[in-house]
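Listed below are the residues making up each chain.
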Amino acid sequence: KECGSRIEIAFCRDNDRKVEKWKKYHDVEEILKIRGNERKGNRMGRRSMRPDSESLCTQWRWFLIRLLILIGILYLLFGCIFGITTVKNEDMAPRISAGDLVLYYRLDKQPLAGDIIICKKNGKQYVDRVIAKGGDSVEITEEGTVKVNGSIVLEQNIFYETPQYESEVKYPLQLQEGECFVLGDHREGATDSRYFGAVDTQEIRGKIITVIRRNQL
């Protein structure tokens, strides 16, 4: 019995050691698994924090596409439909002064009397007011008045007489279809149709629709 009890005790102790080793082994294995999962989680977190190179390229590609679309729209608006230019002189004073910015509409090539247009004559750009159009007869009298089709034109906000210029323009001037006669509001010294004659439709760059004052820039 003593021997049997000693063997039994030894066997039990040996089993206890094996159980403790097994527990320790599995505890270590569990700890390694947990640490491994934590490392994987950290790696995944770091990867998620870093921008993907493909997504970055896609963002840049969309940015460039939108930029090109914006440039195309601006070119279409201000290269084909609208235009912006700076007034160089005082020919349209006091309504428009030198240094003012004007926004004009390019597609209107048939202005009416009273409209302010931008035209190009002899390689130079002018801002003037339309007085008469195709089919009308224009005359600048020696008294400094403007006549269209034999009638004196009553102009508001014109504070100067309209003298004749020494030029090749002869009065009365009969305008052909597609032509217009323009004058600057500052009649004494403005460069207009009294100097260079009638303006052809193809020489009209556009009709002014907005004026931005120099002192407002």
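Everything quoted here is computed from the prediction, not taken from an experiment. (Residues numbered from 1 in each chain as written. Predicted model: local features only at pLDDT ≥ 70, side-chain atom pairs only at ≥ 80, totals over all residues. Heavy atoms only, no water.)

Q: Tell me about the overall build of the protein chain, and name the residues and values.
A: Each helix and strand in the protein chain was counted, giving 3 helices and 11 strands. Ordered by position in the sequence, the α and β elements of the protein chain form the string α-α-β-β-β-β-β-β-β-β-β-α-β-β. Taking contacts inside the protein chain between residues at least 6 apart in sequence as the whole, the part at least 24 apart equals 60%. Accessible area of the protein chain: about 15600 Å², with a carbon and sulfur share of 54%. (Helix = DSSP H or I, 4+ residues; strand = E, 2+ residues; numbered from the N terminus. Contact = heavy atoms within 4.5 Å. Areas by Shrake-Rupley, 256 points an atom, 1.4 Å probe, with all protein chains shown as cover.)

Q: Describe in detail the pattern of salt bridges, supporting the description with residues and values.
A: Applying the stated criterion across every chain, the model contains 6 salt bridges. We note a salt bridge from Asp100 to Arg213, for which the minimum N-O separation is 3.3 Å. A residue pair is termed long-range when its members are at least 10 positions apart, and Asp100 in the loop between strand 1 (82-86) and strand 2 (101-105) and Arg213 in the segment after strand 11 (204-212) qualify at 113 residues. Measuring nitrogen to oxygen at the nearest pair gives 3.7 Å for the salt bridge that ties Lys207 to Asp115. (Salt bridge = Lys/Arg side-chain N within 4 Å of Asp/Glu carboxyl O.)

Q: Explain the side chain of Asp136 to me, and be specific about the residues and the numbers.
A: Residue position: Asp136 is located in the loop between strand 4 (124-133) and strand 5 (137-140). Of the side chains with opposite charge, Lys133 comes closest to the buried, unpaired Asp136, at an N-O distance of 6.5 Å. Within the structure, Asp136 has its side chain in polar contact with the side chain of Asn149 (distance 3.2 Å). (Buried < 20%, exposed > 50% of the residue type's maximum accessible area, 1.4 Å probe, protein only. Lys, Arg positive; Asp, Glu negative; His and termini not counted. Polar contact = N/O pair within 3.5 Å; in protein donor to acceptor, adjacent residues only side chain to side chain.)

Q: Explain the nonpolar core to me, using residue names and the numbers behind them.
A: In terms of nonpolar packing, the biggest core is built from 11 residues, these being Ile131, Ala132, Val138, Ile140, Val146, Val148, Val169, Leu173, Leu175, Phe181 and Leu183. The set of elements that each furnish at least two residues to this core consists of strand 4, strand 5, strand 6 (146-148) and strand 9 (179-183). Apart from the residues within four sequence positions on either side, Val146 is in contact with Ile131, Glu139, Ile140, Ser151, Ile152, Val153, Glu155, Thr162, Leu183 and Arg187. (Core = buried A, V, L, I, M, F, W, Y, C linked by side-chain atoms within 4.5 Å.)

Q: Could you give me a rundown of the packing of aromatic side chains, with the residues and numbers involved?
A: Each pair of aromatic rings is reported with the distance of its centres and the angle of its planes. Across all of its chains, the model carries 3 aromatic pairs by this definition. Both rings, one in Trp60 and one in Phe63, keep their centres 5.8 Å apart while their planes meet at 90°; by these two values the pair is edge-to-face. Placement of the pair is Trp60 and Phe63 together in helix 2 (residues 53-81), with a separation of 3 residues, close to one helical turn. Judged by its relative accessible area of 52%, Trp60 falls in the exposed class. Consider the rings of Phe82 and Tyr105, whose centres lie 5.7 Å apart with planes at 45°: the pair is tilted. Residue Phe82 is found in strand 1, and its partner Tyr105 is found in strand 2; the two are separated by 23 residues along the sequence. The ring of Tyr165 is capped by Arg194, whose NZ or CZ atom sits 4.2 Å from the centre of that ring. (Phe/Tyr/Trp six-rings, centres within 6.5 Å; stacked < 30°, edge-to-face > 60°. Lys NZ or Arg CZ within 6 Å of the ring centre and 35° of its normal.)

Q: So, the sheet that holds strand 6: which residues are in play, and what are the values?
A: In space, the 4 strands of this open sheet follow the order 7-6-5-8, with antiparallel pairing throughout. If you trace the sheet from one side to the other, it starts and ends with strand 7 (151-152) and strand 8 (173-174), each paired once. With 2 bridges joining them, strand 5 and strand 8 adopt antiparallel strand pairing. Pairing of Ser137 across the sheet is with Gln174, part of strand 8. (Pairing = 2+ DSSP bridges.)

Q: Now, about the pairing of strand 9: what can you tell me, with residues and values included?
A: Of all the 5 residues making up strand 9, 4 are buried; the element is thus mostly covered by neighbouring parts of the structure. Bridge count for strand 4 against strand 9 is 4 bridges, and the pairing is antiparallel. If you follow Lys133 over to strand 9, its bridge partner there is Cys180. Across 2 bridges, the pairing between strand 9 and strand 10 (residues 199-200) is antiparallel. Counted as the bridge partner of Glu179 is Asp200 from strand 10.

Q: Please set out the environment of Val127 residue by residue, giving values where relevant.
A: Structurally, the position occupied by Val127 is in strand 4. For the pair formed by Val127 and Gly184, sequence separation is 57 residues and the distance between their alpha carbons is 7.4 Å. Setting aside anything within four residues of it in sequence, one finds Val127 in contact with Val87, Asp91, Met92, Ile96, Ile116, Ile117, Ile118 and Ile208.

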